[in-house]
Amino acid sequence: MYDCIIIGTGPAGLSAAINLKTYNKDFVWFGTKNLSNKVIKAEKVVNYPGFPEVTGAELNDRFKAHIESQNIEITEKTVTNVMAAGDYYMVLADNEIYEAKTLILAMGVMAARLLDGEEKLLGRGVSYCATCDGRLYQGKKIAVICNDPKFEHEVLYLADLAAEVYYFPTFESDVKGDNITISKDAPMKITGESKVESLVLRSGEEICLDGVFCLRNAITPTHLIPGIQIEDGHIAVDRKMETNLKGCFACGDCTGRPYQYTKAVGEGNVAAHGVVEFLAE
Ligand SMILES: Cc1cc2nc3c(=O)[nH]c(=O)nc-3n(C[C@H](O)[C@H](O)[C@H](O)COP(=O)(O)OP(=O)(O)OC[C@H]3O[C@@H](n4cnc5c(N)ncnc54)[C@H](O)[C@@H]3O)c2cc1C
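Within each chain, residue numbers correspond to sequence positions counted from 1 in written order. The predicted nature of this model means local features are confined to residues of pLDDT at least 70 and side-chain atom pairs, given and counted, to a pLDDT of 80 or more, with totals for whole chains, interfaces and linings taken over all residues.

J.: Whenever I open this one, the site of the ligand confuses me. Can you help?
T.: In this text, near has one meaning. A residue is near a molecule or strand if its C-beta atom, placed using the backbone, is within 6 Å of it. Looking at the ligand, there are 32 residues lining it, with Gly8, Gly10, Ala12, Gly108 and Gly252 nearest. Broken down by secondary-structure element, the contributors of at least two residues to the shell around the ligand are helix H1 (11-22), helix H2 (37-40) and helix H7 (261-280). Here the residues of the shell around the ligand are counted per class, giving 15 nonpolar, 14 polar and 3 charged. Helix and strand definitions follow DSSP, with helices as H or I runs of at least four residues and strands as E runs of at least two, each counted in order from the N terminus. For this classification, Asp, Glu, Lys and Arg are treated as charged, while Ala, Val, Leu, Ile, Met, Phe, Trp, Tyr, Cys and Pro are nonpolar and the rest, including Gly, are polar.

Listed below in structure tokens is the structure:
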């Protein structure tokens, strides 16, 4: 069992990881080795103390060098589910379970809007995890909505199982398969009462289906952790960055505005200190 699991490799998760390492805590850190697209994509950053004219890409390189110098490892996995199990947490990442005494949520904010019907039909034909639920759709007709090329191997995995796959990537994709139809149309609504029945597209076309997989690089906090308290669309925290769930801390954009690097870094630091104090108690 780990002392802590950190979810997210942006500035908030980075600051939490550096501070937990300083305190010699045993933790696993989920995200991507590129750290954060929101840092890489900033043309010029003028409000990061000590770096008056830095580009986002340069800042990201500095962040990478910092974690390399501290021998901090990133586990390149996407967390799809978190369960509170009494006095510890179970985290599902790429279909593998990890356990920790505490959690730090640093997932940023999600840009993608949920589809109409997605929330209602989650677990009833809507899935966020190909490896967890793919086998339920053997020989069936499914749609896959994907916003990150890193999930394309999961599209191929699903195509091996399903009879027919309608694939909706938000990027140029060259995935091929006899049973894969790539569409540039935009999915708008998932219909069904007790289970998924169809997907309605922007063009008005309606496809009858058995299941819809939404493979996105972020999941809303309420889907990730049942029971987490949300205020104004963000995770509610106290001054120690602790959420309503004991031992579960949050930091960065996911706790609210302003969406800024220095706020994320500061909150990551406070969350890590909260974890250290919690473990000591
Ligand atoms: C183009 C652009 C320019 C900007 N310029 C500035 C600026 O000049 N100054 C400034 O202060 N701010 C700027 N910002 C805002 C700043 O980027 C954000 O406030 C900051 O990145 C937030 O950090 P974070 O760690 O909370 O989240 P993020 O940087 O969004 O990082 C979150 C990380 O968590 C990962 N993640 C999410 N869900 C999961 C999951 N389930 N499992 C595993 N990993 C997961 C994501 O892949 C991502 O790597 C800019 C943003 C953009 C988009």
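From this point, things continue past the structure.
J.: Help me understand unusual backbone geometry, please; the structure alone is not making it clear to me.
T.: The bulk of non-glycine residues show a negative phi, and the bulk of peptide bonds are trans. Note that the residue after Arg257, namely Pro258, is joined by a cis bond; omega there is 0 degrees. With phi around 70 degrees, Asn95 is a residue other than glycine that occupies positive phi space. Turning to its location among the elements, Asn95 is positioned in the loop between strand E4 (89-93) and strand E5 (96-105). Classification of Asn95 by C-beta neighbours within 10 Å gives partly exposed; the count is 13. Three exposure classes are used, based on other C-beta atoms lying within 10 Å of a residue's own C-beta, which is placed from the backbone: buried for 20 or more, exposed for 12 or fewer, and partly exposed in between.

J.: Help me understand the packing of H1 against H7, please; the structure alone is not making it clear to me.
T.: Fitted lines through C-alpha atoms give the axes, limited to the stretch in contact for helices. The angle between two N-to-C directions lies from 0 to 180 degrees. Relative to each other, H1 and H7 sit at 35 degrees, their axes nearing to 7 Å. Between H1 and H7 the crossing geometry is right-handed. For the pair formed by H1 and H7, the contact residues are Pro11, Ala12, Gly13, Leu14, Ser15, Ala16, Asn19 and Leu20 on the first element and Tyr261, Ala264, Val265, Glu267, Gly268, Asn269, Ala271, Ala272, His273 and Val275 on the second. Residues belonging to the contact of H1 with H7 are distributed by class as follows: 11 nonpolar, 6 polar and 1 charged. Here a crossing is called left-handed whenever its near helix is offset anticlockwise from the far helix by less than a right angle, and right-handed whenever the offset is clockwise. What counts as a contact is two residues whose backbone-derived C-beta atoms lie within 7 Å of each other.

J.: Even after reading the chapter, I still don't get the environment of Tyr166, so can you show me in this structure?
T.: Following the sequence through the fold, Tyr166 ends up in strand E8 (residues 164-169). Leaving out residues up to four positions away in the same chain, Tyr166 has contacts with Ala143, Thr181, Ser183 and Ile207.

J.: Would you mind showing me how to read the sheet that holds strand E7 (residues 141-146) here?
T.: Sheet strands pair by backbone hydrogen bonding; their relative direction is either parallel or antiparallel. Across the sheet, 5 strands lie side by side as E6-E13-E7-E8-E9; this open sheet has parallel pairing. Of all the strands in the sheet, the pair left with one neighbour each is strand E6 (126-127) and strand E9 (180-182). We treat two strands as partners when DSSP finds at least two bridges between them. Pairing analysis gives 6 bridges linking E7 to E8, with the strands arranged parallel. Paired with Lys141 across the bridge in E8 is Glu164. Lying on the sheet, helix H5 (residues 152-161) is in contact with E7, E8, E9 and strand E13 (211-215); it crosses E7 at an angle near 180 degrees.

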